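# Reading the structure
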Amino acid sequence: MEDEMSKLFTFLENFDTENLITILDESGNILFNGKMGDVPQRITNMMSVIRGTAVYQGSCLTVKVKKC
């Protein structure tokens, strides 16, 4: 399963901190909505991005994450 996910912190390092992001849990509930540089450390350290769920919606990237 490890190869199906990427650590959220590592994933976010690939983007400008000013980009907009919405982070959803597996059920689609919003965990965070705002600038990538403002994602709380408790979320970035505890979550992994579910592969294939990153989608741009307008100017905002939406990703689903799972607790690791």
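Coordinates for the structure precede this section.
Residues numbered from 1 in each chain as written. Predicted model: local features only at pLDDT ≥ 70, side-chain atom pairs only at ≥ 80, totals over all residues. Heavy atoms only, no water.

### A few points about the overall build of the protein chain
Within the protein chain, the secondary structure is distributed over two helices and six strands. Computed over the C-alpha atoms, the radius of gyration of the protein chain is 11 Å, within 12% of the 11 Å expected from 2.2 N^0.38 for a compact globule of 68 residues. Along the longest, intermediate and shortest principal axes, the C-alpha atoms of the protein chain span 30 × 20 × 20 Å. Taken across its 68 residues, the protein chain has 35% of its residues classed as buried. A fraction of 47% describes how many contacts in the protein chain between residues 6 or more apart in sequence connect residues 24 or more apart. Carbon and sulfur atoms make up 49% of the accessible area of the protein chain, which amounts to about 4400 Å² in all. (Helix = DSSP H or I, 4+ residues; strand = E, 2+ residues; numbered from the N terminus. Rg over C-alpha atoms; globule rule 2.2 N^0.38 Å. Buried < 20%, exposed > 50% of the residue type's maximum accessible area, 1.4 Å probe, protein only. Contact = heavy atoms within 4.5 Å. Areas by Shrake-Rupley, 256 points an atom, 1.4 Å probe, with all protein chains shown as cover.)

### As for the packing of aromatic side chains
A complete count under the given rule lists one aromatic pair for this structure. Seen from their ring centres, Phe11 and Phe15 are 5.3 Å apart, and the 50° between their planes marks the pair as tilted. (Phe/Tyr/Trp six-rings, centres within 6.5 Å; stacked < 30°, edge-to-face > 60°.)

### Some details on the pairing of strand E6 (residues 60-67)
Relative to E6, strand E2 (residues 20-24) runs parallel, the two sharing five bridges. Considered in E6, the bridge of Ile21 is made with Leu61. For strand E4 (residues 47-50) and E6, the ladder comprises three bridges, and the chain directions are antiparallel. Pairing of Met47 across the sheet is with Lys67, part of E6. In this sheet, E6 lies alongside strand E5 (residues 55-57) in antiparallel orientation, the contact comprising three bridges. For Tyr56, the partnering residue across the bridge sits in E6 and is Leu61. Counted between consecutive antiparallel strands, the loop separating E5 from E6 contains two residues, among which Gly58 sits at a positive phi close to 70°. (Pairing = 2+ DSSP bridges.)

This is a description of form; function is not addressed.
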